[in-house]
Amino acid sequence: MYISNTWYIAAEPQELGERPLARTFLGKPVVLFKTQSGRIAALDDRCPHRFAPLSLGRVIGEHLRCGYHGAEFDCAGACVAVPGQSIVPPKAKITSYPLVQKHGYIWIWLGDPREAADHSTIPDFLYRSDHPGWDGGYGHFESIRANFNLINDNLFDITHAEYVHPESFGGEEMRIYRNAKPGTEYVDGQMTWVSTERGIVFRMRSLNMQSGGPFYRWMVATSLGRDSYPDPIDLDMEVSWAAPSFTSFLLNSRPAGKPREAGAEVCNMHAITPETESSSHYFYRSVKNYGDSSLAAVFVAGVKAIFDQDKPLLEAQQGRVGAVDLFSQQPVSFGGDMLQQRARKINRTLLERENQG
Ligand code: FES
Ligand SMILES: [Fe+2]
């Protein structure tokens, strides 16, 4: 079951070139294309004539031409030409899906088109992706053979970092995630959280860290132009989640005792779009507020290494979970699972509301 009445990321703009792009969303095969004048469109990827995928066709001017018998469709999905005949069958029309460009991505609406005018479900906290004061934009796209809820859970479950990502994000400080209290403040050695109808924000602070996840120390070192930084550091982490599947990590690391304003900051954005019930598109982007683009290669390699740790685990987990929802199988839960369960509840409520509506 998918939440349909919401905006999902469909593609990065540079993915749309001369050739149409085939991508499945919420179990529906869709073709995305860009016309000669630069208009972008999304249509059902099935020609109404003999059901050939339109993604095997070509963009001709402002139209998409089917690669089988040459029928042409406009951006709204109307057939505008059939070769060799002057009449276009009136039923030759396919569904088109609303698109919008924001935060450096192409977003798609697959639900009730009457509600698509409302862009408010595109989360604001992704603004850093196109903020001029931030350097980077190291994008990464990954196809993961796992249900999008499992990936959402994974992003909420930072306790796994200590075991899956010990050489980057994960140290003992991640255990304070289990010490969660409602609130909006940063408290040393604690995690505070607050939730709304469609979102959750949590904050954690760990001061005077001598050990901990090596990435945070590396941030301090590179922001100071050094190879390493052996002294204690302070870390703040703010994680914003918006339904159904957007998570942004804002990390602030600094030499211990320095004000937060002096911290090196990195913002990692994760957006999951369901492909099918057991596979997902994963859009990732990282930006930082210090240094220059010479660090790009290190970031890109680091991001790939982290995906290579999570991806096999998630795909193997999906294999064990099978074709039904994890929670229908009564898994055991730990203290650190509280927020991921809250996120799942928000999504369940949205789905129920959509099904009732
Ligand atoms: S299948 Fe598309 S024109 Fe025939
Ligand atoms: Fe992970």
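Parameters at a glance
Residues numbered from 1 in each chain as written. Chains lettered and ligands numbered in written order. Predicted model: local features only at pLDDT ≥ 70, side-chain atom pairs only at ≥ 80, totals over all residues. Heavy atoms only, no water. Buried < 20%, exposed > 50% of the residue type's maximum accessible area, 1.4 Å probe, protein only. Helix = DSSP H or I, 4+ residues; strand = E, 2+ residues; numbered from the N terminus. Polar contact = N/O pair within 3.5 Å; in protein donor to acceptor, adjacent residues only side chain to side chain. Domains from an automatic or database assignment. Contact = heavy atoms within 4.5 Å. Buried area = accessible area lost by both parts, 1.4 Å probe. Donors = N, O, S within 2.8 Å, 3.2 Å for Na, K, Ca; no water. Tetrahedral: all angles 85-135°; square planar, octahedral: opposite > 155°, others 65-115°. Axes fitted to C-alpha atoms, helices over the stretch in contact; angles between N-to-C directions. Parallel < 35°, antiparallel > 145°, perpendicular 65-115°, else oblique. Left-handed = near helix turned anticlockwise from the far one by under 90°. Nonpolar A, V, L, I, M, F, W, Y, C, P; charged D, E, K, R; others polar.

This part takes up helix H1 (residues 148-156). Extensive coverage of H1 is indicated by the burial of nine of its nine residues. You can read the cap of H1 off the contacts: a side-chain oxygen lies 2.7 Å from the backbone nitrogen of Asn149, and it is on Asn147.

A separate point is the domain arrangement of the protein. Examined at the domain level, the protein breaks down into domain 1 (7-115) and domain 2 (124-356). Its C-alpha centre places domain 1 at a distance of 34 Å from the equivalent point of domain 2. On the domain 2 side, the residues contacting the 16 residues of domain 1 number 21 residues. Between domain 1 and domain 2, a total of about 1,400 Å² is buried, with carbon and sulfur atoms accounting for 60% of that surface.

Take the coordination of the iron ion (ligand 2) next. At this site the iron ion (ligand 2) is bound by His160 (NE2), His165 (NE2), Asp310 (OD) and Asp310 (OD), with donor distances of 2.1 to 2.3 Å. If you look at the iron ion (ligand 2), its four donor atoms make angles of 58 to 150° with each other, and the shape they trace is irregular. Written as a sequence motif, the donor residues of the iron ion (ligand 2) are H-x4-H-x144-D. Residue class for His165 comes out buried when judged on its relative accessible area of 3%.

Bringing the packing of H1 against helix H5 (residues 338-356) into the picture now. Close contact between H1 and H5 brings their axes to 9 Å; oriented N to C, the two are set at 140°. Put simply, H1 runs oblique to H5. Crossing handedness for the pair H1 and H5: right-handed. Residues Phe148, Asn149, Leu150, Asn152, Asp153 and Phe156 of H1 touch H5, and the partners they reach there are Leu339, Gln340, Ala343, Arg344 and Asn347. Class assignment of the residues belonging to the contact of H1 with H5 gives a composition of five nonpolar, four polar and two charged.

Here we take up unusual backbone geometry. The omega torsion across Ala243 and Pro244 is 0°, close enough to zero to call that bond cis. With respect to the element layout, Pro244 can be found in the loop between strand E17 (233-242) and strand E18 (246-255). You will see that Asn208, though not glycine, has its phi angle at about 60°, which is positive. Overall, the relative accessible area of 53% leaves Asn208 in the exposed class.

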